[in-house]
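# Topology and contacts: notes
Chain by chain, the residues run as shown.
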Amino acid sequence: MAEQEKDAALPSKENFSEWYNDLLLKGEIMDVRYPVKGLYVWFPFGFNIRRNVYDIMRRLLDKDHQETMFPLLIPENEFMKEAEHIKGFEDEVYWVTHGGLTPLDVKLALRPTSETAIYPMYKLWIRSHADLPLKLYQIVNTFRYETKHTRPLIRLREITSFKEAHTVHATWDDAAAQVDEAIRIYTDFYRQLAVPVLASKRPDWDKFPGADYTIATDALMPDGKTLQVGTAHHLGDNFAKTFDITYEDAEGEQVYAHQTCYGVSERSIAALISIHGDDKGLVLPPAVAPVQVVIIPIIFKKAEGVLEACEEVMNKLEAKGIRVKMDASDERPGAKYYKWEMKGVPVRLELGPRDLKNNAAMLARRDTGEKQQVSLDTIVDDVSSMLDDIHDSLYEKAKESIYSRVFDCESLDDVRENLPKGIAKIFWCGNKECGLKLEDDIGAGILGIPTDQEECKGKCPVCGADADTKVYVARTY
Ligand SMILES: Nc1ncnc2c1ncn2[C@@H]1O[C@H](COS(=O)(=O)NC(=O)[C@@H](N)CS)[C@@H](O)[C@H]1O
Ligand SMILES: [Zn+2]
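Residues numbered from 1 in each chain as written. Chains lettered and ligands numbered in written order. Predicted model: local features only at pLDDT ≥ 70, side-chain atom pairs only at ≥ 80, totals over all residues. Heavy atoms only, no water.

## Digging into the site of ligand 1
Around ligand 1, a shell composed of 21 residues is seen, among which T113, E115, E146, T231 and S265 lie nearest. Between ligand 1 and the protein, one listed contact pairs a nitrogen atom with a side-chain N or O atom of T113 at 2.7 Å. Here E146 contributes a side-chain N or O atom positioned 2.7 Å from a nitrogen atom of ligand 1. A total of 590 Å² of accessible area belongs to ligand 1 in isolation, and the protein chains cover 96% of it. Elements supplying a minimum of two residues to the shell around ligand 1: strand 8 (158-169), strand 11 (226-236) and strand 14 (258-264). Classifying every residue of the shell around ligand 1 by side-chain character gives eight nonpolar, seven polar and six charged. (Near = heavy atom within 4 Å. Polar contact = N/O pair within 3.5 Å; in protein donor to acceptor, adjacent residues only side chain to side chain. Areas by Shrake-Rupley, 256 points an atom, 1.4 Å probe, with all protein chains shown as cover. Helix = DSSP H or I, 4+ residues; strand = E, 2+ residues; numbered from the N terminus. Nonpolar A, V, L, I, M, F, W, Y, C, P; charged D, E, K, R; others polar.)

Pasting the structure below:
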């Protein structure tokens, strides 16, 4: 890897942006030196985290979805069919115009998202209500010519890990239920990454192009800005009408289907790195850590059976399905601790001659730094429960961090005062002019109406009209 930059110390997490960029290199996540703006390269270690993260997503989806894969290239005539969708993506889509030296008679879009690749096929596949609900997903790369500031894992021009699900239903209500199910799946997915998220219904002007409405999940980053880490869209029968996706209902009538689509990307990894990391580097939730336990043999002149004991412990942990590595290199122990702490290994296991004599080993937690001596007879259970404790503690700390930075505000001044720290909740009458004026006034975005919003009565801070909902407002990525 790039040795030269890795020697300087990691900046403090206080300057979040420098810390984040440097950690992507030092933690061997992504290399940003690829010569195309917005395209980045996975280091193997980072790619290993990605595999673990998406294995969790697959386990959740495979319960009642099927995974597949559609082509990357979309013919212009299909892409240009749905007006709203075109308006939303026309200045972001990349086009392929040649095959070798031969100009193409129909130029091809690189999928920015795959509705217009998938739905012409759904038209062919769906004939009767017996074919519904259809729930497919793919995990692919997609391309968006982002003009805002590109950042690895957060805003890429090639989204390398775009999980998009596209479902088809008999009725609008069935599709609405699927949107709720998608948000439940995402909330569970993020809980397994120890990342708490807030779900809210986006204002109309911020919904997905071509959708009836969008519900999004947002994480709160250390710098007080929110990151949209997943979205679910109710597409109504808008795309079904455009792509003529109909099914024969029980009465033999041809009926337009109702659809949803929902997606997450490598922002899921940006969130877990940013929320859990510290000044010593990555702090990985055990569920996604490529190495969950690193064994450090403490060897003096004579090995005195230490290496054999470490091998034995390693085999017992591996037999339990724990991802373990032994670092028997001849680096100093301190250098080893530094390296594996940087890579966020949740548990370090130290074993030297004295431990061996006491039939014990020392466990050190990466998240809190606390050390615990355990007997070699119970070490597998001790390590397993420590890994569980680490997950729970990371999740609790992250929940405390986001809920303590959601501020219930009564006035726009309140909002202005609290925004630098996190998310504000403020009344909104629901009409667009007020919403846009509110966003303009405070230089931040309306995230939306919390999905767990209770009834509440108040006044719109812009027009003074009665309001019965509070909305989340925040500075966003
Ligand atoms: N340029 C980007 N880089 C990284 N992630 C992105 C980028 N653009 C969008 N995302 C992520 O991808 C998710 C889904 O994108 S989206 O536009 O909201 N929705 C769709 O494309 C729908 N077809 C559902 S898959 C977003 O919630 C966001 O988390
Ligand atoms: Zn108003």
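Having put the structure on the table, let's press on.
## What to know about a negative patch on the surface
Negative charge collects at one region of the surface, where E370, D388, D389 and D392 lie side by side. Relative accessible area serves as the criterion here: at 44%, D392 is assigned to the partly exposed category. (Patch = residues over 30% accessible without salt bridge, like charges linked within 9 Å, V, L, I, M, F, W, Y side chains within 5 Å. Salt bridge = Lys/Arg side-chain N within 4 Å of Asp/Glu carboxyl O. Lys, Arg positive; Asp, Glu negative; His and termini not counted. Charge placed at Lys NZ, Arg CZ, Asp CG, Glu CD. Buried < 20%, exposed > 50% of the residue type's maximum accessible area, 1.4 Å probe, protein only.)

## Structural notes on the pattern of salt bridges
Taken as a whole and judged by the stated rule, the model has 31 salt bridges. A salt bridge links R184 to E181, with the shortest nitrogen-to-oxygen separation between them at 2.9 Å. Of the two residues, R184 and E181 both sit in helix 7 (residues 172-192), three residues apart, roughly one turn of that helix. Given a relative accessible area of 23%, E181 falls into the partly exposed group. Salt-bridge contacts for R348 lead to E341; the nearest nitrogen and oxygen are separated by 3.2 Å.

## Re the environment of I159
Position of I159 relative to the elements: it lies in strand 8. If sequence neighbours within four positions are ignored, I159 has contacts with V140, N141, T142, R144, S265 and E266. (Contact = heavy atoms within 4.5 Å.)

## What about the domain arrangement of the chain?
Taken domain by domain, the chain holds domain 1 (3-276), domain 2 (293-401) and domain 3 (406-474). One C-alpha centre belongs to domain 2, the other to domain 3; they are set 48 Å apart. (Domains from an automatic or database assignment.)

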